[in-house]
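Listed here are the chains, written in short residue letters.
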Amino acid sequence: MLQSSGPQSLAYTHLIVIRHGETAWNRERRLQGQIDIPLNDTGRAQARALAEALTGEPIDAVYTSDLGRARETATPLAQALGLTVRAEPRLRERCYGDLEGMTYAEVAEKRPEDFARWQARVPDYAPPGGESLREFHERAVEVALSLSRRHPGERIALVAHGGVLDCLYREATGMTLEAPRTHELLNASVNRLRCDSANLTLLQWGDVSHLEALTLDEVDRRVP
């Protein structure tokens, strides 16, 4: 629980921001964007472990991107808490337009100019039919702020995508859009921020301790 230091602190909203569980396309390093890809078996196990880890927290609402991989991750958590999953399309991943469905290697080979601009994090570059990084960042930050204003003084879970997590991390730490990423965006990770309705503050990042048993199980299965 956040410690109250006075009347103003009551307005803080505690955000638990979660990346969806693993998909087959994550393993293939394929651009999912807004294509509706389901979780794989590992992702579903991660969603169950996440729900078990957060069941004891006083969470007031669970919001999720309306894409299937996020909804599948959010559902076990909401069920464990006795809450309804609230779909929020603004929590969707960045739209990569006609690059969606391609692997990183395929983009580099077939669309080298797009690949170079994407990897250089050019803020106003938008893939054909897609969103620019700047447009995406504004969308991700605005939805986090608007949902926080809806729940002042409460604790809410937002189940989203790696790109959304990246935007919120940068906003909370003052990191520029162009700066190379040094923080991890892990599947089914727990990331905590505080919001006072206008500003985000980073509290904790990249917690996957609840997935350790799953990792050990995978190692055991590989032992001959």
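Just so it is clear, the structure is predicted and the values come from calculations on it, not from any experiment. (Residues numbered from 1 in each chain as written. Predicted model: local features only at pLDDT ≥ 70, side-chain atom pairs only at ≥ 80, totals over all residues. Heavy atoms only, no water.)

## Things to note about the pairing of strand 5 (residues 190–195)
Logical step 1: The element strand 5 is extensively covered by neighbouring structure, given that five of its six residues are classed as buried.
Logical step 2: By the bridge criterion, five bridges tie strand 5 to strand 6 (residues 200–207) in an arrangement that is antiparallel. Paired with Arg194 across the strands is Thr201, a residue of strand 6. (Buried < 20%, exposed > 50% of the residue type's maximum accessible area, 1.4 Å probe, protein only. Helix = DSSP H or I, 4+ residues; strand = E, 2+ residues; numbered from the N terminus. Pairing = 2+ DSSP bridges.)

## Quick word on the nonpolar core
Logical step 1: Ranked by size, the top nonpolar core spans 28 residues in total, and within it Leu15, Val17, Leu91, Leu158, Val164, Leu168 and Leu200 carry the most contacts.
Logical step 2: Those elements giving two or more residues to this core turn out to be strand 1 (13–19), strand 2 (61–64), helix 6 (133–150), strand 4 (155–160), helix 7 (162–173), strand 5 and strand 6.
Logical step 3: Sort the elements by how many residues they give to this core and helix 6 lands first, with seven residues.
Logical step 4: Counting 15 residues, the second largest nonpolar core, distinct from the first, contains Ala51, Ile59, Leu77 and Val159. (Core = buried A, V, L, I, M, F, W, Y, C linked by side-chain atoms within 4.5 Å.)

## Some remarks on the side chain of Thr73
Logical step 1: Among the secondary structure elements, Thr73 is positioned in helix 3 (residues 68–81).
Logical step 2: Separated by 3.0 Å, the side chain of Thr73 and the backbone nitrogen of Gly21 make a polar contact.
Logical step 3: Residues within four places of Thr73 in sequence aside, it is in contact with Ile18, Arg19, His20, Gly21, Leu39, Ala47, Leu50 and Val159. (Polar contact = N/O pair within 3.5 Å; in protein donor to acceptor, adjacent residues only side chain to side chain. Contact = heavy atoms within 4.5 Å.)

## Focus on the pattern of salt bridges
Logical step 1: Applying the stated criterion across every chain yields a total of 15 salt bridges.
Logical step 2: Of the charged contacts in the structure, one is a salt bridge between Arg139 and Glu131, with a shortest N-O distance of 2.8 Å.
Logical step 3: Sharing partners across several salt bridges, the network here consists of Glu28, Arg30 and Glu106. (Salt bridge = Lys/Arg side-chain N within 4 Å of Asp/Glu carboxyl O.)

## A few points about the UniProt feature "active site" (unreviewed entry) in the protein chain
Logical step 1: The residues that UniProt annotates with the feature "active site" (unreviewed entry) are His20 and Glu93. For the residues just named, distributed over 74 residues, the greatest C-alpha separation is only 10.7 Å, placing them together at one site. Considering only the annotated residues already named, the ones lining the largest pocket are His20 and Glu93.
Logical step 2: Its place among the elements puts His20 in the loop between strand 1 and helix 1 (24–27).
Logical step 3: Judged by its relative accessible area of 1%, His20 is buried.
Logical step 4: For His20, the contacting residues outside a window of four places in its chain are Asn26, Gln32, Leu39, Arg69, Ala70, Thr73, Ala160, His161, Asn187 and Ala188.
Logical step 5: Its location among the elements puts Glu93 in the loop between strand 3 (85–87) and helix 4 (104–110).
Logical step 6: Among all residues touching Glu93, those that are not within four sequence positions of it are Gly33, Gln34, Leu67, Arg69, Glu131, Phe136, Arg139, His161, Gly162, Gly163 and Val164. (UniProt positions renumbered as here; feature names shortened; annotations may be inferred. 1 Å grid on protein atoms, 1.4 Å probe; cavity = no way out; pocket = protein on both sides within 12 Å on 5 of 7 lines; lining within 4 Å.)

## Quick look at the layout of surface pockets
Logical step 1: Roughly 930 Å³ of volume is contained in the largest pocket.
Logical step 2: What lines the largest pocket is a set of 33 residues, and nearest its centre among them are Tyr96, Tyr104, Trp118, Arg181 and Leu185.
Logical step 3: Secondary structure elements with two or more residues in the lining of the largest pocket: helix 1, helix 5 (112–119), helix 6 and helix 7.
Logical step 4: Considering only residue class, the lining of the largest pocket consists of 13 nonpolar, eight polar and twelve charged. (Points joined across faces, edges and corners; volume = space filled by probe spheres on them. Nonpolar A, V, L, I, M, F, W, Y, C, P; charged D, E, K, R; others polar.)

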